[in-house]
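Coordinate inspection notes
Residues per chain are reported as follows:
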Amino acid sequence: MMRILQRLERTDGAEIAEVALVLPLVFMFLMGIVWFGRAFNIYSTITHAAEQGAMVAARPTCGTCIQPADQWGSTNFPGDTTVQDSVFSVLRSSSLDPSQIVVYFPSVISCPLPAPPGNCSTTGNNITICRSVVLNPTGTVPQCGSIVSFQYPFQMNLPFTSLNLQQIVLKAQAQNRMEN
């Protein structure tokens, strides 16, 4: 017992000082991992939402029905509201707020006939939907399809760093080939 008491008397508090210096750094490192993980999760979710929207935009509303063709020979495709709803359903499944979406307008090239000309429209909720655009501008045979794009803001919360309350705007753009 005396030996333990003698050791405690000789302790000069170096361990407490080391912990006081290292613990905040470890805590900031762990918080950074959590916030960058959340940013990656949001990026993955908005990319999946854009892919889902592009898939819906590129597919006819009825694959087995005989629908009247328009002047370019294509069948009816879903409207902007249907595409927007498919994007929103993916965002809501990950608890993301669709009202935070910001417009992102991609550069596109219209497809040659017989496909309808490429037109881009932005929904009231800032989702840009481009239909009948060339997906491979450098290819020898043009592939026509749809592109859905938007941006989503993310705010970092890392106190005592330069990243505290910095807003990062994540871009999501996906394309899908039109099937005949």
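Everything in this summary refers to the structure shown in the same document. Only a predicted model underlies this, so the values are computations on that prediction, with no experimental measurement involved.

1. What about the overall build of the protein chain?
On a plain count of helices and strands, the protein chain comes out with 3 helices and 4 strands. Every one of the 180 residues in the protein chain was classed for burial, and the buried ones make up 33%. Sequence separation of at least 24 residues holds for 58% of the intrachain contacts in the protein chain that already meet a minimum separation of 6. Carbon and sulfur atoms form 60% of the exposed surface of the protein chain, whose accessible area is close to 11,500 Å².

2. Some remarks on helix α2 (residues 14-58)
Here α2 contains 45 residues, and its C-alpha end-to-end distance of 66 Å stays within 8% of the 66 Å for a straight helix at 1.5 Å per residue. At Val22, α2 shows its largest kink, close to 25°, and the proline Pro24 lies no more than four residues downstream.

3. As for the nonpolar core
Of all hydrophobic cores here, the largest spans 26 residues; its most connected members are Ile46, Val87, Leu91, Ile127 and Phe150. Elements with a contribution of two residues or more to this core: α2, α3 (80-93), β3 (144-155) and β4 (167-177). Residue contacts for Ile127: discarding those within four places in its chain leaves Gln84, Val87, Phe88, Ile101, Ser121, Thr122, Val148, Ser149 and Phe150.

4. What about the side chain of Arg131?
Within the secondary structure, Arg131 sits in strand β2 (residues 128-134). At 2.7 Å, the side chain of Arg131 forms a polar contact with the side chain of Asp80.

5. Quick word on unusual backbone geometry
A positive phi angle, near 70°, is found at Asn126, a position not held by glycine. Note on placement: Asn126 falls in the loop between β1 (119-122) and β2. Its identity is not glycine, yet Ser132 carries a phi of approximately 55°, on the positive side. Among the secondary structure elements, Ser132 is positioned in strand β2. Residue class for Ser132 comes out buried when judged on its relative accessible area of 3%.

6. Regarding the packing of aromatic side chains
In the structure shown here, the tally under the stated rule is 1 aromatic pair. Aromatic side chains Trp35 and Phe154 sit 6.1 Å apart centroid to centroid with 45° between the ring planes, which places their arrangement in the tilted category. With Trp35 in helix α2 and Phe154 in strand β3, the pair connects residues that are 119 residues apart, well separated along the chain. Its relative accessible area of 22% is what places Trp35 among the partly exposed residues. Overall, the relative accessible area of 6% leaves Phe154 in the buried class.

Conventions adopted
Residues numbered from 1 in each chain as written. Predicted model: local features only at pLDDT ≥ 70, side-chain atom pairs only at ≥ 80, totals over all residues. Heavy atoms only, no water. Helix = DSSP H or I, 4+ residues; strand = E, 2+ residues; numbered from the N terminus. Buried < 20%, exposed > 50% of the residue type's maximum accessible area, 1.4 Å probe, protein only. Contact = heavy atoms within 4.5 Å. Areas by Shrake-Rupley, 256 points an atom, 1.4 Å probe, with all protein chains shown as cover. Expected span 1.5 Å × (residues − 1). Bend = angle between axes of the 7 residues up to and from the residue. Core = buried A, V, L, I, M, F, W, Y, C linked by side-chain atoms within 4.5 Å. Polar contact = N/O pair within 3.5 Å; in protein donor to acceptor, adjacent residues only side chain to side chain. Phe/Tyr/Trp six-rings, centres within 6.5 Å; stacked < 30°, edge-to-face > 60°.

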